[in-house]
Amino acid sequence: MNNLELRPQQAEAKDLGPILLHGPEAFVAMHRAGQLAAAALDMLTPFIKPGVTTQRLDDLIFQFTLDHKALPATLNYRGYTKSICTSINHVVCHGIPGPKPLRDGDIVNIDVTLILDGWHGDTSRMYAVGPVKTRAERLIRITHEALMRGVAAVKPGNTTGHIGHAIQTYAESERCSVVRDFCGHGLGQVFHAAPNILHYGEPGEGVELKPGMLFTIEPMINLGKPHVKLLPDGWTAVTRDRELSAQFEHTVGVTATGCEVFTFSPAGLHQPPYRLT
């Protein structure tokens, strides 16, 4: 789930406190939390179909979380009343589950953060609801590739700007735009921490990456312009031009040689298209 308070001019690590460097025990705990969050999204895969409401998806995640002795991090977080975010079509992020059913041709991002033994696993994934238009499939593919290029830029000595640059240059080369109003974030035993991870920028900008850092990378890519607006509910962000938006998210930890991705799907469903076996 994105840092809810970010605006580009506020994207400084000092806003969120010191950057913590974690040891091997934390990486083990984050792997467990990340794998549980990814397994929750795996569980949802067969339910993403026309006629299913986003509230039903929220109920499924809530029960899954309790069954695995975990907690949904978003439930009652800063007044948010649901266990997941469900962002459909032109919704950029923080869509609120409700009674409206999914329809053929929709694309939807499901964002889930679970707390397991005090550690946060945060991940999101795009789903196609029935057959979708080629432009929607293309956006999903581009967004996933942008995320993975950002992940590939994570290694000691690089900076957060290397991550943003990798995402931005690829997305824009595909004639898409990168949302600037939200970002990835540090996490661990807290939900949102330093550093902020912008999804645009230049190599050398931002914070130097060091072993032990934990954070999310979660680019939001639009088919149209990057501008968003917040709806009156105070949570739901949508594209101003009502063009489609997509997002993928992984939680990673910086290692001595690169990074560990904690939220790869246990069932191999993290890369679209998902094929259930």
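Residues numbered from 1 in each chain as written. Predicted model: local features only at pLDDT ≥ 70, side-chain atom pairs only at ≥ 80, totals over all residues. Heavy atoms only, no water.

Undergrad: Before we go on, may I ask you to explain helix H2 (residues 54–67) in this structure?
TA: Residue pairs three or four apart in sequence face the same way in an α-helix, which turns once every 3.6 residues. For H2, with 14 residues, the first-to-last C-alpha span of 20 Å sits near the 20 Å given by 1.5 Å per residue. If you check which residues of H2 are buried, you get Thr54, Leu57, Asp58, Leu60, Ile61, Phe64 and Thr65. Within H2, the buried residues cover an arc of 160 degrees as seen down the axis, which keeps them to one side. Close packing links the buried residues of H2 with helix H1 (24–44), strand S1 (71–72), strand S2 (84–88) and strand S4 (107–116). Immediately beyond the C-terminal end of H2, within one or two residues, lies Lys69, with a positive phi of roughly 55 degrees. (Helix = DSSP H or I, 4+ residues; strand = E, 2+ residues; numbered from the N terminus. Expected span 1.5 Å × (residues − 1). Buried < 20%, exposed > 50% of the residue type's maximum accessible area, 1.4 Å probe, protein only. Arc of directions from axis to C-beta. Contact = heavy atoms within 4.5 Å.)

Undergrad: What's the story with the environment of Arg125 in this structure? I'm lost.
TA: Structurally, the position occupied by Arg125 is in strand S5 (residues 119–128). Of the residues examined, Arg125 reaches a relative accessible area of 2% and is grouped as buried. For Arg125 and Val190, which are 65 residues apart along the polypeptide, the C-alpha to C-alpha distance reads 22 Å. Engagement of the side chain of Arg125 in a polar contact is seen with the backbone oxygen of Ala38, the distance being 3.3 Å. (Polar contact = N/O pair within 3.5 Å; in protein donor to acceptor, adjacent residues only side chain to side chain.)

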